[in-house]
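Geometric and topological summary
In case you want the letters, here they are:
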Amino acid sequence: MERKVKVVQYGVGKMATYTMRYVLEHGGEIVGALDINPNVIGKDIGEMMEQEKLGINVSDVKEAETILKETKPDICIIETMSLLNDVKEALLLCAKLGVNAITTCEEAFYPFNSNPSLSREIDELAKENNCTITGSGYQDVFWGSLISQLAGSTNKITKIKGSSSYNVEDYGIALAEAHGAGLSLEEFDEKIASTDRMSKEEREEQINSGNYAPSYMWNVNGWLAKKLGLHITNQTQKCIPHTYKEDIASSTLDMTIPKGNATGMSAVVITETEEGIIIETECIGKVYGPDEFDKNEWSIIGEPETTMIINKPQTVELTCATIVNRIPDVINSESGFIPTCDMKELTYKTKNLNEYITTKLDF
């Protein structure tokens, strides 16, 4: 591919300043930017990255179809919300216009086990218009391929157990609220934990109707099972509130969370498989106190047993770098809603992004 890879950035919040810079540093070209926030609409993206002006101003998301048609990007990076229903409009628009898309939406990492009807709709439209839709980010490596690689070095596995924590302050208000940050324990039980008490039949009904709100690990377990060739027989999740020993300020929520209120939560997902292997995963998202930090810990239990611990990973930057390094894989992939477990292993891109592109060069 002779020209630069053209990118439209959909969602220009905290994380996008990293993603856009990484795109430019890897030889890509940002041809458009979209957001819903009136405080950033009209701003030059260069200024948002604390660089010189680049001549690309953030447009209102209402103009998304016009921008995509005019700029004809090779890919759209969607960095907005965490649930598939919340990014439905953006993904369906890209699929309709034949624009490849990669999103940090956590449910989109493997949405087939939480919202199969919408996943099929997006998949069919993307296939019809010869483009690829996928979800990626931090979990692609630190909850996904790293774990499958560890599994590949193991003789016998009885259980895969993982835990990952992250500061919701780093990701914006939508994610913080999704984790129950700031709620009283009574409100947390009513709004978040109550869904854990539904029966298997009720959960299946919600999943099939597209109304289920999974924790991040719900989709990660589905991704891991698919990657490892496991067949799921049962899966459950439980959300547990976290509190802090004293009042704690949240700049994202613009409030002080009282002592005893939820600063966030743990979501524990347990997956049983036909092969007898249990996958038990926990994601901990909360407003951090001064003594808390990101941590990633996974164990492969069996013969031999292996534990991997990563303290203080730069989760935001790792998420954004993963997205950018995945761009050629998405463009080169077959059409449809394709999870990254069905793509090749992620690699660092030593050359400019365009030098890895081999297919779908329609523009």
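Shown above is the structure to which this text applies.
What this report covers is the structure whose coordinates are included nearby. Model, not experiment: these values are computed from the prediction. As a convention, each chain's residues are numbered from 1 in the sequence order in which they are written. Restriction of local features to residues with pLDDT of at least 70 applies here, the model being predicted, together with a cutoff of 80 or more for giving and counting side-chain atom pairs; totals for whole chains, interfaces and linings are based on all residues. The side-chain figures draw on all heavy atoms in the structure; neither hydrogens nor water molecules are used.

1. Regarding the overall build of the chain
This is how it is decided: A run of DSSP states H or I qualifies as a helix once it reaches four residues; a run of E qualifies as a strand once it reaches two. Both are numbered from the N-terminal end. Values of the radius of gyration come from C-alpha atoms, whereas the globule rule sets the reference at 2.2 Å times the count of residues to the power 0.38. Each residue's exposure class comes from its accessible area (1.4 Å probe, protein chains only) as a fraction of the maximum for that residue type: buried when under 20%, exposed when over 50%, partly exposed otherwise. Throughout, a contact is declared for two residues whenever any of their heavy atoms are within 4.5 Å. Methods summary: accessible areas were calculated by the Shrake-Rupley approach with a probe of 1.4 Å, and residue burial reflects only the protein chains presented. A residue counts as positive if it is Lys or Arg and as negative if it is Asp or Glu; His and the chain ends are not included. By convention, charge coordinates are those of NZ in Lys, CZ in Arg, CG in Asp, or CD in Glu.
Broken down by element type, the chain carries eleven helices and 15 strands. Scaling as 2.2 N^0.38, a compact globule of 363 residues should have a C-alpha radius of gyration of about 21 Å, and the chain matches this with 20 Å. Counting only C-alpha atoms, the chain reaches 50 × 50 × 40 Å along its principal axes. A burial count over the chain gives 56% of its 363 residues as buried. The contacts in the chain between residues at least 6 apart in sequence include a share of 73% that link residues at least 24 apart. Carbon and sulfur atoms make up 47% of the accessible area of the chain, which amounts to about 15,800 Å² in all. Between the averaged position of the 34 positive side-chain charges in the chain and that of its 56 negative side-chain charges there is a distance of 3 Å.

2. Considering the packing of aromatic side chains
To keep things clear, this is the line we draw: Stacked, tilted and edge-to-face are the three classes assigned to paired rings of Phe, Tyr and Trp, where Trp is represented by its six-membered ring and a pair needs centres within 6.5 Å; plane angles under 30 degrees give stacked, over 60 edge-to-face, the rest tilted. Look at NZ for Lys and CZ for Arg. If either is within 6 Å of the ring centre and within 35 degrees of the ring normal, a charge sits over the ring.
This structure, assessed with the given rule, holds ten aromatic pairs. With a centroid separation of 5.1 Å and 10 degrees between ring planes, the pair formed by Phe109 and Trp223 is classed as stacked. A residue pair is termed long-range when its members are at least 10 positions apart, and Phe109 in the loop between strand S5 (100–103) and helix H5 (116–128) and Trp223 in helix H10 (residues 216–228) qualify at 114 residues. Just as Phe109 is buried, Trp223 falls in that class too. Three or more aromatic residues link up through ring pairs in this structure, and these residues are Tyr138, Phe142, Trp143, Tyr166, Tyr171 and Tyr216. One Lys or Arg, Lys312, reaches over the ring of Phe293 and ends 5.1 Å from the middle of that ring. Lying over the aromatic face of Tyr356, Lys349 brings its terminal NZ or CZ to 5.8 Å of the ring centre.

3. Some details on the sheet that holds strand S13 (residues 295–303)
Selection criterion: Paired strands are those between which DSSP finds at least two bridges. Axis definition: a line fitted to C-alpha atoms, limited for helices to the stretch in contact. Angles are taken between N-to-C directions and run from 0 to 180 degrees.
Ordered in space as S8-S11-S12-S7-S13-S14, the six strands form an open sheet in which the pairing is mixed. Strand pairing shows two members of the sheet lacking a second neighbour, strand S8 (232–242) and strand S14 (306–311), which therefore form its edges. For this sheet, the mean inter-axis angle between neighbouring strands, taken without regard to orientation, is 10 degrees. With six bridges joining them, S13 and S14 adopt antiparallel strand pairing. Bridging from a neighbouring strand, Ile300 pairs with Thr306 of S14.

4. As for the pattern of salt bridges
The cut-off we apply is this: Within this document, salt bridges are pairs made up of a side-chain nitrogen of Lys or Arg and a carboxyl oxygen of Asp or Glu, the two lying within 4 Å of each other.
Counted by the stated rule, this structure contains 14 salt bridges. With a closest N to O distance of 3.0 Å, Arg197 and Asp189 form a salt bridge. Across the pair Asp329 and Arg326 runs a salt bridge, and its minimum N-O distance is 3.0 Å. In this pair, Asp329 and Arg326 both sit in helix H11 (residues 315–332), three residues apart, roughly one turn of the helix. Each member of the salt-bridge network shares a partner with another, and the members are Glu65, Lys69 and Lys96.

5. Some details on a negative patch on the surface
Formally: Like charges are joined within 9 Å and nonpolar side chains (Val, Leu, Ile, Met, Phe, Trp, Tyr) within 5 Å, but only among residues with over 30% relative accessible area and no salt bridge; these make up the patches.
On the surface, Glu201, Glu202, Glu204 and Glu205 cluster together into a negatively charged patch. Structurally, Glu204 is set in helix H9 (residues 200–209).

6. Observations regarding H10
The criterion, for reference: By this rule the span expected of a helix is its residue count minus one, scaled by 1.5 Å.
With 13 residues, H10 ought to run about 18 Å at 1.5 Å a step, and its terminal C-alpha atoms sit 19 Å apart, in line with that. Most of H10 sits out of view: ten of its 13 residues are buried. Every buried residue of H10 is listed here: Tyr216, Met217, Trp218, Asn219, Val220, Asn221, Gly222, Trp223, Leu224 and Ala225. A positive phi of about 75 degrees marks Gly229, the residue just after H10.

7. Topic: the sheet that holds S5
Read across the sheet, seven strands follow the order S3-S2-S1-S4-S5-S6-S15 without closing on themselves; strand pairing throughout is parallel. Only two strands of the sheet have a single partner each, and these edge strands are strand S3 (58–60) and strand S15 (336–337). As paired strands, strand S2 (residues 29–35) and S3 are joined by three bridges and run parallel to one another. Paired with Ala33 across the two strands is Val58, which belongs to S3.

8. Details of the environment of Ser250
Operational definition: The definition of a polar contact used here is a pair of N or O atoms within 3.5 Å, where within protein one atom must be able to donate a hydrogen and the other to accept one, and adjacent residues in sequence count solely through side-chain atom pairs.
Turning to its location among the elements, Ser250 is positioned in strand S9 (residues 248–250). On the accessibility criterion, Ser250 (3% relative accessible area) is buried. Along the chain, Ser250 and Gly289 lie 39 residues apart, while their C-alpha atoms are 9.9 Å from each other. For Ser250, the residues in contact, after removing those within four places along its chain, are Glu169, Met255, Ile257 and Val287. Within polar-contact distance, the side chain of Ser250 engages the side chain of Glu169 at 2.6 Å. A polar side-chain atom of Ser250 sits 3.0 Å from the main-chain amide nitrogen of Leu253.

9. Concerning the packing of helix H6 (residues 138–152) against H11
The following threshold applies: Each angle gets one of four labels, with under 35 degrees taken as roughly parallel, over 145 as roughly antiparallel, 65 to 115 as roughly perpendicular, and the rest as oblique. Gly falls in the polar group here, along with every residue not listed as nonpolar (Ala, Val, Leu, Ile, Met, Phe, Trp, Tyr, Cys, Pro) or charged (Asp, Glu, Lys, Arg).
Where H6 contacts H11, the axes come no closer than 7 Å and their chain directions differ by 100 degrees. Our classification of the angle between H6 and H11 gives roughly perpendicular. Facing Tyr138, Asp140, Val141 and Phe142 of H6, the residues of H11 in contact are Thr315, Leu318, Thr319, Thr322 and Arg326. Here the contact of H6 with H11 is built from residues that sort into four nonpolar, three polar and two charged.

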